[in-house]
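Structure at a glance
Here is how the chains run, residue by residue.
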Amino acid sequence: MYINTETGQYPLSVAQIQELHPLTMMAHHLECYAPVEPADTPAHDADTHKPVEIDPVLIDGVWRQQWAVVPLSAEELAELQRQREEAAAALIPKSCTRRQGQLALLTHGVLDDAEAAIAAITDPVQKREAQIEYEADTWERSNPFLQQLWAQLGGTPQSLDEAFALAVTL
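These remarks concern the structure in this document. (Residues numbered from 1 in each chain as written. Predicted model: local features only at pLDDT ≥ 70, side-chain atom pairs only at ≥ 80, totals over all residues. Heavy atoms only, no water.)

Let us look at the sheet that holds strand E3 (residues 49-59). Spatially, the four strands line up as an open sheet ordered E1-E2-E4-E3, and their pairing is mixed. Among the strands making up the open sheet, the edge pair consists of strand E1 (2-4) and E3. Neighbour to neighbour, the strand axes of the sheet diverge by 40° on average, direction disregarded. Looking at chain direction, E1 and strand E2 (residues 33-37) are connected through three bridges and run antiparallel. Residue pairing across strands places Asn4 opposite Tyr33, the latter belonging to E2. (Pairing = 2+ DSSP bridges. Helix = DSSP H or I, 4+ residues; strand = E, 2+ residues; numbered from the N terminus. Axes fitted to C-alpha atoms, helices over the stretch in contact; angles between N-to-C directions.)

The complete set of buried residues in helix H7 (residues 157-167) reads Ser159, Leu160, Asp161, Ala163, Phe164 and Ala167. Contacts from the buried residues of H7 go to strand E5 (95-97), helix H3 (98-107), strand E6 (138-140) and helix H6 (144-152). (Buried < 20%, exposed > 50% of the residue type's maximum accessible area, 1.4 Å probe, protein only. Contact = heavy atoms within 4.5 Å.)

Further remarks concern the pairing of E2. Where E2 meets strand E4 (residues 62-71), two bridges bridge the pair, whose relative direction is parallel. Along E4, the bridge assignment pairs Glu37 with Arg64.

Next comes the structure, spelled out in structure tokens:
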């Protein structure tokens with residue numbers, strides 16, 4: 001990168017300088033342009049701050065790149081939180097086998113309670129639907145029946161996520 005030492009215009013690439021002086025070969029060698037020595041970005045906590053390039057400084061006859069560390073804006077913090085939540089959601093298994101699910105229920109101490117809840121359904125159609133869902137080869141995390149059953153057993157959406165994470169390891 002280059003700086004125009006007369007106007008302070010920065011950053012400028014060789015291509016940009018050439019565009020400014022189309023009739024000049026090697027325009028970046030004109031006296032008004034000086035190369036800027038790059039500098040490493042400063043250490044910072046990426047959860048709360050970011051490096052921002054500021055105007056270069058002439059030190060001992062050499063233009064040097066400069067950085068400032070500034071707090072993230074409310075919008076950037078919100079976006080960072082959204083990305084974290086999205087990454088965490090991506091780690092939650094979308095499904096498990098019936099065997100894995102039942103072992104997870106057993107581990108959580110609610111396998112018998114889940115089966116008793118299904119057996120206690122009085123409507124024959126709803127009971128059969130529940131049995132079909134419970135006996136399915138694959139249990140989907142997004143299945144409304146499984147979500148409702150889990151809530152009936154005292155679970156939360158977060159603890160259901162944890163149960164699925166456990167299930168796929170069994």
